[in-house]
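Below, each chain spelled out in residue letters.
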Amino acid sequence: MRPAHTQNPSPPALLALSQALPFEQKAFWDFTLDDGLPMLNDEEASGAETTSGIPDLDSLPPTYSAMCPFGCHCHLRVVQCSDLGLKAVPKEISPDTTLLDLQNNDISELRKDDFKGLQHLYALVLVNNKISKIHEKAFSPLRKLQKLYISKNHLVEIPPNLPSSLVELRIHDNRIRKVPKGVFSGLRNMNCIEMGGNPLENSGFEPGAFDGLKLNYLRISEAKLTGIPKDLPETLNELHLDHNKIQAIELEDLLRYSKLYRLGLGHNQIRMIENGSLSFLPTLRELHLDNNKLSRVPAGLPDLKLLQVVYLHTNNITKVGVNDFCPVGFGVKRAYYNGISLFNNPFPYWEVQPATFRCVTDRLAIQFGNYKK
C-alpha cells in the first residue's frame, strides 16, 4: 500500500478548482466534513434546499487515513489527483471520499469498476481529460453524487445512467451533437446543467429531451443554435444562449419560460424581436442582448416591472426614444434600473432626452460611450 499524503491541498490547486465554476460557490470545502453541502442561494439560480452545514461528528463514518493513491493529496475526505498525467482513474481511493478531483489528466475512459465502493462521493471533477468512452455502469456506485464536472473532454453523447442524486452537471466543451429523449429521465434533483461549447443545433434536441427535469439554470452558449429552443424546462430561472447564431425572437419563442429572471442572448445575430415577445417574461430582472444586430431598442421593456439590467451595447441602434425603457406614469415599475448599456451604437447620444432614464437609480448606471465604425 502506498504511503498516505495528508497535507492540505495547495493554494494554486484550490484556486484552479474554484475558478472552474461560473457562479459563486459558498463553503465549497464544507462537504469534506458533511454529506450535505449548503447549496447555492436561490438568488444565484440553484433553487436547492439548504442544509445547516453543521456536521454531526459522531455520526460520520470512520476515515481510512492510510489510503491515498500515489502522488495524490488526501486531506480529510478530499482526494486531489489533478495534473498528474494519469491515464486511468487511480485505485486505493478511500471509501469515505466526498470529493475526487481528477482534472487535467489524460484519462480516456471510465470503466465499470472505476468508482466501486465510493458510495459517499458528493463531487467528481473530471474536467480537461480525454474521456471519450464511459461504461454504462460506471456511475452506478455513486448513489450520493450531486456534482459532476466532466467538461473539456471528447464526449460525443450525454453519459448514460447518470446518478439519480445528481444536482449539477457541467459537460460543456465536448463534442455532443444530440440530446436524445430520456437521457435525463429519473434526475428529479437536477437543477443546473452547463452544456455550452458543444456543436449542438436546434435539431439536435429530440422532442421531450428535457422531460421530467425541473432545472433552474441552463447554459447552451457557444453552440450552433439558430433559434431559441422551444422544449426546454419551463421551471428555468436562468437561460444562457450567448454566442450562438440566433437571428430573431419570434412571438411565442419565450412563451413557456415565464419564470425566467435572467436571459442571456448576447453575441448572436439577432436583428428582430417581435412585438409582444418579452411580455411572457413578467419576472425578468436581467436581459443581455449585447453584440447583436438590433436597429432599435426592443419593444416591451417598460412593461417588465422587475427589469433592472439591460445590455444593448454593440448593436445597430440608431435612435433611443423617451419611452423605450420607462413606463408612462408613476407606480408601474416595481424595481428601478441599475444598469443600462448602450455604448457602441450609431445613435447620437447627445440627442437622447434626459427623461428617457427617469426610472434609473443613478445616471452612472447608464453607459453610452462612443460609436466607432
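The protein chain goes by Biglycan in an unreviewed UniProt entry, where it is assigned to Capra hircus. In the Subcellular location (unreviewed entry) part of its UniProt record, the protein chain is described as follows: "Secreted, Extracellular space, Extracellular matrix". According to the UniProt record, the Subunit (unreviewed entry) comment for the protein chain reads "Homodimer. Forms a ternary complex with MFAP2 and ELN."

Help me out: how do you make sense of the overall build of the protein chain in this one?
Secondary structure summary: the protein chain contains one helix and 18 strands in total. Put simply, the protein chain has 373 residues, and 50% of those count as buried. Long-range contacts, defined as pairs at least 24 residues apart, comprise 50% of the intrachain contacts of the protein chain with a sequence gap of at least 6. For the protein chain, the accessible area works out to roughly 17700 Å², and carbon and sulfur atoms hold 49% of it.

Quick question: what am I supposed to make of the pattern of salt bridges here?
A side chain of one charge can pair with a side chain of the opposite charge when the charged atoms of the two come close. Taken as a whole and assessed by the stated rule, the structure comprises 11 salt bridges. A salt bridge links R111 to D114; the nearest nitrogen and oxygen atoms lie 3.2 Å apart. Linked through salt bridges whose partners overlap, the residues forming this network are K87, D106 and K130.

Would you take a moment to explain the state of the cysteines for this structure?
As used here, a disulfide is simply a covalent bond connecting the sulfur atoms of two cysteines. Inspection of every chain in the model, using the stated rule, returns three disulfides. Between the sulfur atoms of C68 and its disulfide mate C74 the distance is 2.0 Å. Judged by the torsion about the S-S bond (85°), the C68/C74 disulfide is right-handed. Taking relative accessible area as the criterion, C68 reaches 1% and is therefore assigned buried. Take C74: its relative accessible area is 8%, and that puts it in the buried class. Each disulfide pairs two cysteine sulfurs, and for C326 the partner residue is C359, the sulfurs being separated by 2.0 Å. Residues C326 and C359 are joined by a disulfide whose S-S torsion is about -85°; by sign, that bridge is left-handed.

Just checking my understanding: could you explain the confidence of the model for the protein chain for this structure?
The predicted coordinates should not be examined in detail at positions where pLDDT is low. For the protein chain, mean pLDDT is 84; residues scoring 70 or higher make up 81% of the total. Contacts for the low-pLDDT stretch residues 1–63, under 50 throughout, to residues beyond four places or in other chains number 118 contacts.

I would appreciate a short explanation of the side chain of N345 in the present structure.
Turning to its location among the elements, N345 is positioned in the loop between β17 (339–341) and β18 (366–367). Reaching out from N345, the side chain makes a polar contact with the backbone nitrogen of N315 at a distance of 3.1 Å.

Just to check I follow, could you spell out the UniProt feature "domain: LRRNT" (unreviewed entry) in the protein chain for this structure?
Summarizing the sequence annotation, UniProt attributes the feature "domain: LRRNT" (unreviewed entry) to residues 67–99 in the numbering used throughout. Along residues 67–99, the helical share is 0% and the strand share 21%, with 14 Å between the first and last C-alpha atoms.

Can you walk me through the packing of aromatic side chains in this structure?
Note on aromatic pairs: each is described by the distance of the centres and the angle between the planes. Tallied over the full model, the rule gives nine aromatic pairs. Aromatic side chains F325 and F357 sit 5.8 Å apart centroid to centroid with 35° between the ring planes, which places their arrangement in the tilted category. With F325 in the loop between β16 (309–311) and β17 and F357 in the loop between β17 and β18, this residue pair connects regions lying 32 residues apart in the sequence. Taking relative accessible area as the criterion, F357 reaches 11% and is therefore assigned buried.

Please explain unusual backbone geometry as it appears in this structure.
Among all residues save glycine, negative phi is the norm, and among peptide bonds the norm is trans. The backbone of K152 shows a phi angle near 55°, a positive value even though the residue is not glycine. The topology assignment puts K152 in the loop between β7 (147–149) and β8 (168–170). Positive phi outside glycine occurs at E222, with the angle close to 55°. As for its position among the elements, E222 is in the loop between β10 (217–219) and β11 (238–240). Judged by its relative accessible area of 53%, E222 is exposed.

Just to check I follow, could you spell out the environment of K319 for this structure?
By the secondary structure assignment, K319 is in the loop between β16 and β17. Counting along the chain gives 23 residues from K319 to R296, while the straight-line C-alpha distance between them is 6.5 Å. Discounting chain neighbours no more than four positions away, the residues touching K319 are D324 and F347.

Would you explain the side chain of N292 in this entry?
Within the secondary structure, N292 is located in the loop between β15 (286–288) and β16. For N292, a relative accessible area of 6% corresponds to the buried category. Within the structure, N292 has its side chain in polar contact with the backbone nitrogen of I270 (distance 3.0 Å). Each residue touching N292, except ones within four places of it in the same chain, is listed here: L265, G266, H267, N268, Q269, I270, T314 and N315.

Cut-offs and rules
Here the residue numbers are simple positions, counted from 1 along each chain's written sequence. Owing to the predicted nature of the model, reporting of local features is limited to residues with pLDDT of at least 70; listing and counting of side-chain atom pairs is limited to 80 or more, with chain, interface and lining totals taken over all residues. Values shown for side chains rest on all heavy atoms present in the structure; no hydrogens or waters enter the calculation. UniProt positions are given in the numbering used here, feature names are shortened, and annotations may be inferred rather than shown by experiment. Helix numbering and strand numbering both begin at the N terminus, where a helix is a DSSP run of H or I of at least 4 residues and a strand a DSSP run of E of at least 2. Residue burial is assigned from relative accessible area. The probe radius is 1.4 Å, only protein chains are included, and a residue is buried under 20% of its type maximum, exposed over 50%, and partly exposed in between. Whether two residues are in contact is decided by their heavy atoms, any of which lying within 4.5 Å being enough. Accessible areas in this description were obtained via Shrake-Rupley with a 1.4 Å probe; residue shielding takes into account the shown protein chains only. Here a salt bridge means any side-chain nitrogen of Lys or Arg lying within 4 Å of a carboxyl oxygen belonging to Asp or Glu. Disulfides are defined in this document as cysteine sulfur pairs within 2.5 Å. The predictor's confidence in any single residue is recorded as pLDDT, a number from 0 to 100. For this analysis, a polar contact is any N or O atom pair within 3.5 Å, provided that within protein one partner can donate a hydrogen and the other can accept it, and provided that sequence-adjacent residues contribute only side-chain to side-chain pairs. Here the aromatic set is Phe, Tyr and Trp, taking the six-membered ring for Trp, and pairing holds for ring centres within 6.5 Å; pairs whose planes are under 30 degrees apart are stacked, those over 60 apart are edge-to-face, and all others are tilted.

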